[in-house]
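# Tertiary structure, described
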Amino acid sequence: MSDQQIAPVPAFEPPYYAVVFTSTRTEEQSGYGETAERMEELVKDVPGYLGMDHAQTPGGLAITVGYFRDADALERWRSDTEHRSAQKRGRAEWYRSYSLHVAKVERSHGFVKEKENEEG
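These numbers come from a predicted model, not from an experiment.

## Some remarks on the sheet that holds strand S1 (residues 16–25)
With antiparallel pairing, four strands are arranged side by side in an open sheet as S2-S3-S1-S4. At either margin of the open sheet sits one strand with a lone partner, and together these are strand S2 (49–56) and strand S4 (95–105). Within this sheet the neighbouring strands show an average axis-to-axis angle of 15°, counted without direction. Here S1 runs beside S4; their pairing, made up of ten bridges, is antiparallel. Its bridge partner being in S4, Val19 is matched across the sheet by Val102. Here helix H3 (residues 81–94) sits on the sheet and contacts S1 and S4; the angle it forms with S4, its principal contact strand, is near 140°.

## A few points about a nonpolar patch on the surface
A contiguous nonpolar patch, built from Tyr98, Leu100 and Val102 and spanning about 290 Å² of accessible area, is present on the exposed surface. As for its position among the elements, Val102 is in strand S4.

## Considerations on the side chain of Asp53
Inspection of the secondary structure assignment puts Asp53 in strand S2. Here Tyr67 takes part through its side chain, which lies 2.9 Å from a polar atom of the side chain of Asp53.

So, how was this worked out
Residues numbered from 1 in each chain as written. Predicted model: local features only at pLDDT ≥ 70, side-chain atom pairs only at ≥ 80, totals over all residues. Heavy atoms only, no water. Pairing = 2+ DSSP bridges. Helix = DSSP H or I, 4+ residues; strand = E, 2+ residues; numbered from the N terminus. Axes fitted to C-alpha atoms, helices over the stretch in contact; angles between N-to-C directions. Contact = heavy atoms within 4.5 Å. Patch = residues over 30% accessible without salt bridge, like charges linked within 9 Å, V, L, I, M, F, W, Y side chains within 5 Å. Areas by Shrake-Rupley, 256 points an atom, 1.4 Å probe, with all protein chains shown as cover. Salt bridge = Lys/Arg side-chain N within 4 Å of Asp/Glu carboxyl O. Polar contact = N/O pair within 3.5 Å; in protein donor to acceptor, adjacent residues only side chain to side chain.

Shown next, in the form of structure tokens:
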């Protein structure tokens, strides 16, 4: 996953969908980074894709939350041929365990602190 994101995905006007993918990985990670980058590029082309947040604990628990405008966008991503292939490889090689939760977001808000005055 990309290390460039420095802020959470902003709040959107509900309703929309959140897909929570929580995983632990195996020792064998050959090809994982390249595939993860490709999936990040590919999902951006799905009409209705809103963004993604990702975090990982020092112990190796990874959480990725993808946001989609509607069920159609979610289904387009779920059924994408290249994505399905990556899922199959993930189960065979990269993941020790994972869970996937799909939720309809009914309330959403956010906060961004304004820069403080830099007078000296």
